[in-house]
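Read off the chains here:
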Amino acid sequence: QVQLVESGGGLVQPGGSLRLSCAASGSTFKSLRMAWYRQVPGKERDLVASITKGGSTSYAGAMKGRCTISGDNAENTVYLQMNSLHPEDADVYYCNAQPAVLRYWGQGTQVTVSS
């Protein structure tokens, strides 16, 4: 069974940066392509970035060019470094496999961008 716990969100000023972390447990995790998603309440979750176990990355959406996904296989952790944040980047950010697995969704971490 895979359990994912996101952290690192918070309040940041426009133009600021945040580093999100996703700590994973469970042996199945080691074979998964992992990703970060974002969601405004009431809307679907959108893909932000993904990474394979080999380190290949891909990006999507408005954060493309302003974020970097990385992983630490030894620590079973996936990171999302977000830079030059805009107020419209404010969302709840989640990690999951790609494609997402329903039972893997965690609580997410709230990102707020405001002066």
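Thresholds, definitions, all that
- Residues numbered from 1 in each chain as written.
- Predicted model: local features only at pLDDT ≥ 70, side-chain atom pairs only at ≥ 80, totals over all residues.
- Heavy atoms only, no water.
- Core = buried A, V, L, I, M, F, W, Y, C linked by side-chain atoms within 4.5 Å.
- Buried < 20%, exposed > 50% of the residue type's maximum accessible area, 1.4 Å probe, protein only.
- Helix = DSSP H or I, 4+ residues; strand = E, 2+ residues; numbered from the N terminus.
- Contact = heavy atoms within 4.5 Å.
- Disulfide = S-S within 2.5 Å.
- Pairing = 2+ DSSP bridges.
- Axes fitted to C-alpha atoms, helices over the stretch in contact; angles between N-to-C directions.
- Phe/Tyr/Trp six-rings, centres within 6.5 Å; stacked < 30°, edge-to-face > 60°.
- Lys NZ or Arg CZ within 6 Å of the ring centre and 35° of its normal.

(A) Seen up close, the nonpolar core. If you look at the biggest cluster of nonpolar residues, it comprises 26 residues, and the most contacted ones within it are Leu4, Trp36, Val48, Leu80, Met82 and Tyr93. Breaking this core down by element, the ones donating at least two residues are strand 3 (18-25), strand 4 (34-39), strand 5 (46-51), strand 7 (67-72), strand 8 (77-82), strand 9 (91-97) and strand 10 (109-113). In terms of residue count, the dominant contributor to this core is strand 3 (4 residues). The residues touching Leu4, leaving out its near neighbours within four places in the chain, are Cys22, Ala23, Ala24, Met34, Cys95, Asn96, Tyr104 and Gly106.

(B) Spatial organisation of the state of the cysteines. Scanning the model with the defined rule gives 1 disulfide in all. In this structure Cys67 is a free cysteine whose sulfur lies 14 Å from that of Cys95, the closest cysteine sulfur available.

(C) Seen up close, the sheet that holds strand 7. Pairing in this open sheet of 4 strands is antiparallel, and the strands run 1-3-8-7 from one edge to the other. Whereas interior strands pair on both sides, the edge strands pair on one side only; in this sheet they are strand 1 (3-7) and strand 7. Taking each pair of neighbouring strands and ignoring which way they run, the sheet shows an average axis angle of 15°. The pairing of strand 3 with strand 8 spans 6 bridges and is classified as antiparallel.

(D) The arrangement of the packing of aromatic side chains in detail. For the structure on display, the rule yields 2 aromatic pairs. For the ring pair Tyr37 and Trp105, a centre distance of 5.2 Å and an interplane angle of 75° mean the geometry is edge-to-face. A residue pair is termed long-range when its members are at least 10 positions apart, and Tyr37 in strand 4 and Trp105 in the loop between strand 9 and strand 10 qualify at 68 residues. Where Tyr94 meets Trp105, the ring centres are 5.7 Å apart and the plane angle is 80°; that geometry is what we call edge-to-face. Of this pair, Tyr94 sits in strand 9 while Trp105 is found in the loop between strand 9 and strand 10, placing the two residues 11 residues apart along the sequence. Note on Tyr94: relative accessible area 8%, which makes it buried. The ring of Tyr94 carries Arg45 above its face, with NZ or CZ at 4.0 Å from the centroid. Over the ring of Trp105 we find Arg45, and its NZ or CZ is 4.0 Å from the ring centre.

Read these as spatial facts, not as claims about activity.
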